[in-house]
Structure formats: C-alpha cells, structure tokens
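# Breakdown of the fold
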Amino acid sequence: MKPLEQLVRPNIWRLAPYSSARDEYSGKEAHVFLDANENPYNSPYNRYPDPLQRELKARIAQLKGVPADMIFLGNGSDEAIDLPYRIFCEPGVDNVVAIEPTYGMYRVCADINNVEYRPVLLDEHYQLRADRLLAAADEKTKIIWICSPNNPTGNALNPEEIEKVVKGFQGIVIIDEAYGDFSAQKSFRSELAKYSNLIVLNTFSKAWGLAAIRLGMAFASPDIIAIYNKVKYPYNVNLLTQLLALEALKDPFEVDKWIKLLLGERIRLIAAFRDLPICEEIYPTDANFFLARMTDAQAIYDYLVNRGIIVRNRTRIQLCNNCLRITIGTKSENNELLAALRQY
Ligand SMILES: *Cc1c(COP(=O)(O)O)cnc(C)c1O
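A quick note: this is a predicted structure, and the numbers were derived from the prediction, not measured.

A cis amide bond links Ser43 with the next residue in sequence, Pro44, at an omega value of 0 degrees. Within the fold, Pro44 resides in the loop between α3 (21-24) and α4 (54-64). At the junction of Asn151 and Pro152, the peptide bond is cis and its omega measures out at 15 degrees in the coordinates. One can find Pro152 in the loop between β4 (141-147) and α8 (159-168). Not every positive phi belongs to a glycine, and Asn114 is a case in point at roughly 55 degrees. By the element assignment, Asn114 lies in the loop between α6 (105-112) and β3 (116-121).

As a structural note, the neighbourhood of the ligand is formed by 14 residues, with Asp176, Tyr179, Ser205, Lys206 and Arg214 the closest of them. The contact in question runs from an oxygen atom of the ligand to an N or O atom on the side chain of Thr203, over 2.7 Å. In this structure, an oxygen atom belonging to the ligand sits 3.4 Å away from a side-chain N or O atom of Lys206. Counting residues per element, the shell around the ligand draws most heavily on helix α5 (residues 76-88), which supplies three residues. In terms of residue class, the shell around the ligand is built from five nonpolar, five polar and four charged.

A few words on the pairing of strand β11 (residues 323-327). β11 sits mainly inside the fold: four of its five residues count as buried. Sheet topology places strand β9 (residues 289-294) next to β11; five bridges connect them, and they run antiparallel. Looking at the pairing, Leu291 lines up with Arg325 of β11.

Tracing the chain through its elements places Thr141 in strand β4. Overall, Thr141 belongs to the buried group, its relative accessible area being 2%. Among the polar contacts made by the side chain of Thr141, one reaches the side chain of Asn95 at a distance of 2.6 Å. At 2.8 Å, the side chain of Thr141 and the backbone nitrogen of Asp138 are in polar contact. Those residues within four positions of Thr141 in sequence are excluded, and the remaining contacts are Asn95, Val96, Val97, Arg118, Ala136 and Phe169.

Now for the packing of helix α12 (residues 297-306) against helix α13 (residues 331-342). One way to put it is that α12 packs onto α13 with a least axis distance of 11 Å and a crossing angle of 120 degrees. Taken together, α12 and α13 sit at an angle that is classed as oblique. Note on packing geometry: the crossing formed by α12 with α13 is right-handed. Of α13, the residues touching α12 (which contributes Ile300, Tyr303 and Leu304) are Leu337, Ala340 and Leu341. Of the residues contributing to the contact of α12 with α13, the split by class is six nonpolar, no polar and no charged.

What follows is about the sheet that holds β9. Across the sheet, which stays open at both edges, the four strands sit in the order β8-β9-β11-β10 with antiparallel pairing between neighbours. The open sheet has two edge strands with one neighbour each: β8 (279-282) and β10 (312-313). When β10 meets β11, the two strands line up antiparallel, connected through two bridges. Within β11, the position partnered with Asn313 by the bridge is Leu324. Its contacts with the sheet place α12 against β9, β10 and β11, and it is angled at close to 40 degrees to β11.

By secondary structure assignment, the location of Arg59 is in helix α4. Once the C-alpha coordinates of Arg59 and Leu249 are considered, the two residues, 190 residues apart in sequence, prove to be 7.4 Å apart. The residues contacting Arg59, other than those within four sequence positions of it, are Leu246 and Leu249. Of the polar contacts made by the side chain of Arg59, one reaches the backbone oxygen of Leu249; its length is 2.5 Å.

Helix length check: α13 (12 residues) gives 16 Å between terminal C-alpha atoms against 16 Å at 1.5 Å per residue, within 8%. Taken together, the buried positions of α13 are Asn334, Leu337, Leu338, Ala340 and Leu341. With its buried residues spanning 165 degrees around the axis, α13 presents them on a single face. Residues Lys331, Ser332 and Arg342 are exposed on α13 and point more than 90 degrees away from its buried face. Those residues of α13 that are buried are in contact with α11 (252-274), α12 and β11.

Basis of the calculations
Residues numbered from 1 in each chain as written. Predicted model: local features only at pLDDT ≥ 70, side-chain atom pairs only at ≥ 80, totals over all residues. Heavy atoms only, no water. Helix = DSSP H or I, 4+ residues; strand = E, 2+ residues; numbered from the N terminus. Near = heavy atom within 4 Å. Polar contact = N/O pair within 3.5 Å; in protein donor to acceptor, adjacent residues only side chain to side chain. Nonpolar A, V, L, I, M, F, W, Y, C, P; charged D, E, K, R; others polar. Buried < 20%, exposed > 50% of the residue type's maximum accessible area, 1.4 Å probe, protein only. Pairing = 2+ DSSP bridges. Contact = heavy atoms within 4.5 Å. Axes fitted to C-alpha atoms, helices over the stretch in contact; angles between N-to-C directions. Parallel < 35°, antiparallel > 145°, perpendicular 65-115°, else oblique. Left-handed = near helix turned anticlockwise from the far one by under 90°. Expected span 1.5 Å × (residues − 1). Arc of directions from axis to C-beta.

Have a look at this one:
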C-alpha cells in the first residue's frame, strides 16, 4: 500500500476537525454540564449523544473481535460508503474500480462526488477475477469496491481472488460484507491486522433486523478510522439508535435464530422455484435472498405487483437479464409468493 498520506486528499489530511463541547471535556467526573448550550430539561434527550459511541463500540468490539479503535459507526452503511470518496478521492481527478454487477450505492456515491467509476464485469459464474480488477486500476485509482456475498447475485466471492486484489493493489480495498451474517465464509475482518489498506463493512440492516435505526459499521486500521472520525458529522449516530443497538446486542442469540430460520426457508423456497416452469435458473447464494432467471422477468414482476407482492426486478442490470431478486420472507410470505407464481 502507498503511504496513507499519499492516498488521502491533501485538504482532508490537513483538516482540523470540529471540536464539540463533549470532545473537549474529558477526564474528571462531572455533573454540571453548562458547556453545550443544551436545555437542562427533558432528560435524556436534551443531551448531545456520544460522538464516538464508546459504549456501543465496546460491545461491537467484543462481538466482532475487532478493537474499538478499528471501528467506525455510521448512519447506515450509506455513510461508511460515502465517506471514503470524500476522504480519498479528488473530484474530477481520481477514480475507483468496482465489480459489476454489484450494490448500486457505490456508483451513486461516485457520481455525487464527481469521481470516475470503473465497473469490471464478473465472470459467467458471477465470480471475481483479480487480474481484471487490478488491470482496470491506474495511478489515479484510490479505491477498489468488492461486495461478498454480492448483491444482487447473492454468491460469496472466492476469498483467494479477493486476497490477490488486497495484496496487489496500492490503494484502499473495501469489502462490503452486509450479508456476511448469512454466509459460512470467513469474514475479512480477521485480515485487518495483516492488510492496512483494507476496509470491511458490516450492517445492522439485514440479519440484525434493524434497517430502520440506520446503523452501519466500517472496520479498518486505527489510522483510517481516525480519518473517518475527523470527516464524519460530529453526532452522526443519534442517541435512539445507540440505545436500541445496545438493547439488541444484549441478545445476539435472537439473531442466530432468525438466520437459521431464514436459511431453512431459503432452501425450501429455492427447491420450490426449481419446480416452476417459469423459472429457468437459480444462482448460488450465501445471503438472505437469491437471484432467479425467469422466462420473462418484467411480466412476472408486473403480475406480482398487481397481487401486492414486491420482488426486485434486476433484468436491466448487466449479466442479470430476466433476473428477479427474491428476499427470503416469513414462511407465510414465501408461501404467498409461491402460490401466486404457480398460478401465473
Ligand atoms: C443492504 C445493503 C447494505 C446496507 O446498507 P445500510 O445503509 O447499512 O442499510 C450495504 N451493502 C449492501 C451490499 C447491501 O445490499
């Protein structure tokens, strides 16, 4: 990896961050807070939340096996995806490379930040080819985006190929493991000590069942996390989100139960899809959804919408012609979907 100073935009490297009232006070016990122009009434919502979410990070550190100073928490993964553009990519100058097809937010954030986005097609098995990704990069490439298990294809990418990218690239490699909780594949969080150019993303939006509270995680070297902290909004994760996440973290076994249930339903739903004459192929999945190639994705999508059932139509995505992406629901939701498709 190049020295971090050469990868970070010069203005960000030099940035003196906003120093909040709560940042400046630390150390001694205190009980009279007249420093932040807060209203003294309406506790606990009157107080600004912890800008670094220390209590929550300590719990997540335990759970994920990563030290707290290697964790960034954001307003969804969305924030953890947007920040690296603002940190590393000079608008109109730098570029990023990404697998294709993949999650749409990497491109949207590139466009918002006026950063060139270079998609590199996966192979016919939706697998990553490290040589192709590396060949698309040049001296202006700051970030390579990888998503595993990938969205919308569902499959986990070959970890040896991913590792070739991490080793072979001089810039930052971001591996989005939003669906990692559903996969048997080992998380790349365990490689963070080995690769200082690696950022791994996780989220509370999928297996944890907390999409509404907007809480995403980035794991990286303490140096990279320090820059994330410098650039983020001071109070980017609100108190309600921090409290609700702490509550959920008291019972991670509930999440394990959901995962088992959903993986069981996935097997059942896929088996039933195989028997549908309108389903031509089901792609391997390591996530809580699967991609199915249908006889006519648009017509089937419209038919389902008319019956109040919404799936994701991916037919216009490269390599996904006539594909629908199906999220695993409850048993009764899945049954309703199957009943409708059998009548198509
Ligand atoms: C759903 C999803 C996320 C989650 O985004 P949040 O902002 O945390 O809700 C992240 N990455 C991928 C690839 C996803 O599919």
